[in-house]
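Letter by letter, the chains look like this.
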Amino acid sequence: MTPSNPLRTLAGFRDVMPAPSTLKDTLTQFTGAGRTAAVEPARAVAFYAAIALPFVYLPLLANGVTVEQLTVLVGLLLANAAALVLGHGYGSR
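Below or above, wherever it landed, is the structure these notes cover. (Residues numbered from 1 in each chain as written. Predicted model: local features only at pLDDT ≥ 70, side-chain atom pairs only at ≥ 80, totals over all residues. Heavy atoms only, no water.)

Some details on the overall build of the protein chain
Now for step 1: Regarding its fold elements, the protein chain presents three helices and zero strands.
Now for step 2: Scanning the protein chain from its N terminus toward the C terminus, one meets helices and strands in the order α-α-α.
Now for step 3: The burial tally for the protein chain puts 13% of its 93 residues in the buried class.
Now for step 4: At a minimum sequence separation of 6, the contacts of the protein chain that also span at least 24 residues come to 61%.
Now for step 5: Carbon and sulfur atoms make up 70% of the accessible area of the protein chain, which amounts to about 7,500 Å² in all. (Helix = DSSP H or I, 4+ residues; strand = E, 2+ residues; numbered from the N terminus. Buried < 20%, exposed > 50% of the residue type's maximum accessible area, 1.4 Å probe, protein only. Contact = heavy atoms within 4.5 Å. Areas by Shrake-Rupley, 256 points an atom, 1.4 Å probe, with all protein chains shown as cover.)

Set out below in C-alpha cells:
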C-alpha cells in the first residue's frame, strides 16, 4: 500500500542523510593535499584558456561564419564557456 502523503516518505530520507557540514568535512578530508596537486594546474590551464579562446574565434566572427565553420564556432564557444567555469576560482587564494 502506498502512503497518501509522499512527503512523509521523504522525511525518512532526511533522517538517514548526514548533515551538509558533515559531508563537506568528509570530502575535505578525503581529497586532502591530492586535490591541490591535481586541481590547481587544471584550473590554471582553464583560466588562461578562457582568456585566449576569444582571440581564436574573433577572426571567424570578423570574416563572417559560413555553414561549414558554424560547428567550429559553436565548439569554440562551448570550450570557452567550459574554461570560464573550470578556471573561475584560479588565483582567488
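As for the nonpolar core
Side chains of a nonpolar character, in soluble globular proteins, are inclined to be buried together.
Now for step 1: Leu53, Tyr57, Leu60, Leu73 and Leu76 together form the largest nonpolar core, which totals five residues.
Now for step 2: Residue assignment for this core shows that the elements contributing at least two residues are helix 2 (20-63) and helix 3 (67-86).
Now for step 3: For this core, the element with the most residues is helix 2, which contributes three residues.
Now for step 4: Ignoring anything within four residues of it in the chain, the contact list for Leu76 reads Leu53, Val56, Tyr57 and Leu60. (Core = buried A, V, L, I, M, F, W, Y, C linked by side-chain atoms within 4.5 Å.)

Here we look at a nonpolar patch on the surface
Now for step 1: A cluster of nonpolar side chains, contributed by Leu58, Leu61, Val65, Leu70, Val74 and Leu78, occupies part of the molecular surface with about 520 Å² of accessible area.
Now for step 2: Element by element, the count of residues in the nonpolar patch is highest for helix 3, at three residues.
Now for step 3: According to the relative accessible area criterion, Leu70 is partly exposed, its value standing at 44%. (Patch = residues over 30% accessible without salt bridge, like charges linked within 9 Å, V, L, I, M, F, W, Y side chains within 5 Å. Salt bridge = Lys/Arg side-chain N within 4 Å of Asp/Glu carboxyl O.)

Topic: the packing of aromatic side chains
Now for step 1: Going through the model one piece at a time under the given rule, you end up with three aromatic pairs.
Now for step 2: Between the aromatic rings of Phe47 and Tyr48, the centroid separation amounts to 5.0 Å while the plane-to-plane angle is 85°, which identifies the pairing as edge-to-face.
Now for step 3: With centroids separated by 5.2 Å and ring planes inclined at 40°, the aromatic side chains of Phe47 and Tyr90 adopt a geometry described as tilted. Separated by 43 residues along the polypeptide, Phe47 in helix 2 and Tyr90 in the segment after helix 3 bring together distant segments of the chain.
Now for step 4: Assessed through its relative accessible area of 29%, Phe47 is described here as partly exposed.
Now for step 5: A connected cluster of aromatic rings, assembled from ring pairs, spans Phe47, Tyr48 and Tyr90. (Phe/Tyr/Trp six-rings, centres within 6.5 Å; stacked < 30°, edge-to-face > 60°.)

Examining the pattern of salt bridges
Now for step 1: As enumerated under the stated definition, the model contains one salt bridge in all.
Now for step 2: Note that Glu40 and Arg43 form a salt bridge whose closest N and O atoms lie 3.4 Å from each other. Here Arg43 and Glu40 lie together in helix 2, a separation of three residues that amounts to about one turn.

Honestly, it's all geometry; don't read function into it.
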